[in-house]
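Structure assessment
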Amino acid sequence: MLPSGHRMRRRDDFTRAVRRGRRAGRPTVVAHLLRRDEPTAPPLVGFIVSRAVGNAVVRNSVRRRLRHLMRGHLERLPAGSLLVVRANPPSGTARPDELAADLESAIDRLLRPASKGRR
């Protein structure tokens, strides 16, 4: 699982990352990354899984799978950054390899340098 020191818990952090961060969408997930100038702080990761994904069992299963997948990507995130991963409704029925591929693709896109004229 995701180490507790890397879990995002404050509502303000979620709001800031979603509103001000860069966004990358895929069929099963949307990721929002906000880079902060805090070189000593660890990157924080939060998850949003709405009722549209499925019932409580499905939502918790998707959240656990996403937390497990994110553990392998923590070292790639810049120090002090905020990452919010929002599960889309298809994530409830997605195969584990589909979810992993979409998450990796979204993170790759967010970590690429921004093109001129964009955030």
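Residues numbered from 1 in each chain as written. Predicted model: local features only at pLDDT ≥ 70, side-chain atom pairs only at ≥ 80, totals over all residues. Heavy atoms only, no water.

**Some thoughts on the overall build of the protein chain**
- The number of helices and strands found in the protein chain is three helices and four strands.
- From first element to last, N terminus to C terminus, the protein chain shows the α and β order α-β-β-β-α-β-α.
- Taken over C-alpha atoms, the radius of gyration comes to 14 Å for the protein chain, in line with the 14 Å a tight globule of 119 residues would show.
- Along the first, second and third principal axes, the C-alpha atoms of the protein chain reach 40 × 30 × 25 Å.
- Evaluated residue by residue, the protein chain yields a buried proportion of 40% over its 119 residues.
- Considering only residue pairs separated by 6 or more positions, the protein chain has 81% of its internal contacts joining residues 24 or more positions apart.
- Put simply, the protein chain shows about 6900 Å² of open surface, and 49% of that area lies on carbon and sulfur atoms. (Helix = DSSP H or I, 4+ residues; strand = E, 2+ residues; numbered from the N terminus. Rg over C-alpha atoms; globule rule 2.2 N^0.38 Å. Buried < 20%, exposed > 50% of the residue type's maximum accessible area, 1.4 Å probe, protein only. Contact = heavy atoms within 4.5 Å. Areas by Shrake-Rupley, 256 points an atom, 1.4 Å probe, with all protein chains shown as cover.)

**Structural notes on the side chain of Ser91**
- The topology assignment puts Ser91 in the loop between strand S4 (82-87) and helix H3 (96-111).
- In terms of polar contacts, Ser91 uses its side chain to reach the backbone carbonyl oxygen of Asn88, at 2.7 Å.
- Residue contacts for Ser91: discarding those within four places in its chain leaves Thr28, Val53, Val62, Arg65 and Leu99. (Polar contact = N/O pair within 3.5 Å; in protein donor to acceptor, adjacent residues only side chain to side chain.)

**Notes on the sheet that holds strand S3 (residues 44-49)**
- Strand order in the open sheet formed by four strands is S1-S2-S4-S3, and the pairing between neighbours is mixed. The sheet is open, and its two edges are formed by strand S1 (22-25) and S3, each paired on a single side. Taking each pair of neighbouring strands and ignoring which way they run, the sheet shows an average axis angle of 15°.
- When S1 meets strand S2 (residues 29-34), the two strands line up antiparallel, connected through four bridges. Considered in S2, the bridge of Arg23 is made with His32. (Pairing = 2+ DSSP bridges. Axes fitted to C-alpha atoms, helices over the stretch in contact; angles between N-to-C directions.)

**With respect to H3**
- For H3, which comprises 16 residues, the first-to-last C-alpha distance of 23 Å matches the rise-based estimate of 22 Å (1.5 Å per residue) to within 8%.
- Lining the buried residues of H3 we find S1, S2, helix H2 (56-71) and S4. (Expected span 1.5 Å × (residues − 1).)

**What about the nonpolar core?**
- Core analysis: the biggest nonpolar cluster contains 22 residues, and Val45, Phe47, Leu66, Met70, Leu77, Leu83 and Val85 have the highest contact counts within it.
- Residue assignment for this core shows that the elements contributing at least two residues are S2, S3, H2, S4 and H3.
- Here this core takes five residues from H3, the largest share from any one element.
- Beyond its immediate sequence surroundings of up to four residues, Phe47 is in contact with Leu2, Phe14, Arg63, Leu66, Arg67, Met70 and Val85.
- Core analysis: the next-biggest nonpolar cluster, separate from the first, contains seven residues, Phe14, Leu34, Leu44 and Val84 among them. (Core = buried A, V, L, I, M, F, W, Y, C linked by side-chain atoms within 4.5 Å.)

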